Amino acid sequence: MKSLPIYAIQHRRILPFFVMVLLLLGACSKDRQSVKDFYFPVEKLKSPKVYEYRSIGNDSLAPQYWYYRTIETDSMLYLTGQSYNQDFIPEQFSREMILDDGVVLGDTRLYQTDSTGYQSPVAVEVLAGNVFPFSVKDSTIVYLYKIKWYESKEPPIYYEIIKNRRYSGETTYTYKGKSIPCIQFQVRELVDQYNEGHLENEIQGIELYAKGIGLVYYKKIISEELSLEYELHDTYEMEQLEEKFREMLAK
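One structure accompanies this document, and this report is about it. Per chain, residue numbering runs from 1 following the sequence as it is written. Totals for whole chains, interfaces and linings use every residue, but because this is a predicted model, local features are given only for residues with pLDDT of at least 70 and side-chain atom pairs only at 80 or more, for both listing and counting. Just so you know, side-chain values use all the structure's heavy atoms and leave hydrogens and water out.

Our next topic: the packing of aromatic side chains. Note on aromatic pairs: each is described by the distance of the centres and the angle between the planes. Whether two aromatic rings pair depends on their centres lying within 6.5 Å, for rings of Phe, Tyr and Trp, where Trp uses its six-membered ring; planes under 30 degrees apart make the pair stacked, over 60 edge-to-face, and the rest tilted. Under the definition given, this model contains 21 aromatic pairs. A centroid spacing of 5.2 Å and a plane angle of 75 degrees characterise the contact between F40 and Y51, whose relative ring orientation is edge-to-face. One end of the pair, F40, is in the loop between β1 (33-34) and β2 (49-55); the other, Y51, is in strand β2, with 11 residues separating them in the sequence. The cationic tip of R95 hangs over the ring face of Y78; the distance from NZ or CZ to the ring centre is 4.8 Å. Remark: a charge is flagged as sitting over a ring if the NZ atom of Lys or the CZ atom of Arg is within 6 Å of the ring centre and within 35 degrees of the ring normal. Lying over the aromatic face of Y145, R165 brings its terminal NZ or CZ to 5.9 Å of the ring centre. In this text, helices come from DSSP runs of H or I with a minimum length of four residues, and strands from runs of E with a minimum of two, each type numbered from the N-terminal end.

Structural data, given as structure tokens:
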């Protein structure tokens with residue numbers, strides 16, 4: 001598989017939490033900036049909410065729905081997310097661990113639909129689970145995310161996604177007519193599909209996280225001709241999403 005310099009960090013050093021960040025910064029930690037308040041409001045999401053994202057500049061692309069819920073156990077605080085497509089069919093589930101120094105992906109699964117319409121979960125291996133740091137310094141630090149799964153065909157087809165995030169500063173974004181403070185991450189993503197050979201696609205992207213809200217905007221540049229932009233349209237209770245589903249069935 002093609003090796004990109006930015007992807008050269010060994011995931012074994014990152015899995016428990018943001019070990020790489022601690023090693024690189026060491027005594028310079030006093031210079032770091034807290035950005036914890038820019039992630040999803042974990043405490044508020046003990047009352048679950050749907051985050052509805054809509055495409056910018058391409059009305060033909062369907063909305064994306066994420067249902068977020070915080071779960072607290074005796075030993076850990078989790079943020080769970082369930083995504084739904086335009087037909088309100090589950091596509092992905094994730095469970096993130098909220099640690100002292102950031103958010104790490106605990107486990108995730110995808111949902112695969114066969115030709116008969118039957119849907120089954122697909123196990124995903126988390127090789128490096130960095131999702132969001134709670135303190136940042138500059139763009140020299142890379143936060144590594146890497147997952148892998150396969151389709152049980154003959155021969156099996158393997159998929160691997162590697163994401164590198166770099167903090168790139170503060171900005172603002174307009175949400176519901178109001179300018180709100182945000183932080184920005186540059187994202188470099190490699191999607192690899194392989195069995196006997198490799199089919200790779202490198203994607204550049206941007207993510208904006210708004211204070212007290214979480215992810216409000218993201219862009220993926222897939223090629224010179226194709227890019228995807230989504231922004232947060234609204235947040236609401238699950239009952240409103242269920243009503244959208246009933247309206248779709250009634251059409």
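Next, the rest of the story.
Within this scheme, the nonpolar core is defined by two criteria: the residues are buried Ala, Val, Leu, Ile, Met, Phe, Trp, Tyr or Cys, and they are joined through side-chain atoms within 4.5 Å. The buried label goes to any residue with under 20% of its type's maximum accessible area, the exposed label to any with over 50%, and the partly exposed label to all in between, with areas taken from a 1.4 Å probe on protein chains only. Grouped together as the largest cluster of nonpolar side chains are 48 residues, with contacts concentrated most on Y39, F40, Y53, F132 and V216. Broken down by element, the residue count for this core peaks at 6 residues, all from strand β11 (residues 157-175). In this structure, Y65, F88, M238 and L241 belong to the second largest nonpolar core, which totals 7 residues.

Counted as salt bridges are all cases of a side-chain nitrogen of Lys or Arg within 4 Å of a carboxyl oxygen of Asp or Glu. Enumeration over the complete set of coordinates arrives at 11 salt bridges. Put simply, K46 and E72 hold a salt bridge, and the shortest N to O gap is 3.0 Å. Taken as a pair, K46 in the loop between β1 and β2 and E72 in strand β3 (residues 64-72) lie far apart in primary sequence, 26 residues in all. Salt-bridge contacts for E202 lead to R188; the nearest nitrogen and oxygen are separated by 2.6 Å. Taken together, the positions of E202 in strand β13 (residues 198-210) and R188 in strand β12 (residues 178-194) put the pair 14 residues apart, joining distant regions of the chain.

Taken as a whole, the largest pocket spans an internal volume of roughly 1,500 Å³. Both cavities and pockets are sets of points on a 1 Å grid over the protein atoms alone; in a cavity a 1.4 Å probe fits but cannot get out, in a pocket the set is open with protein on both sides within 12 Å along at least five of seven lines, and lining residues sit with an atom within 4 Å of a point. Looking at the largest pocket, it is lined by 47 residues, and the ones nearest its centre are Q64, W66, Q92, K163 and K220. In terms of residue count, the dominant contributor to the lining of the largest pocket is β13 (7 residues). Note on residue categories: nonpolar means Ala, Val, Leu, Ile, Met, Phe, Trp, Tyr, Cys or Pro, charged means Asp, Glu, Lys or Arg, and polar means any other residue, Gly included. Its residues assigned to classes, the lining of the largest pocket shows 28 nonpolar, 11 polar and 8 charged. Grid points are joined across faces, edges and corners, and a volume is the space filled by probe spheres set on the points.

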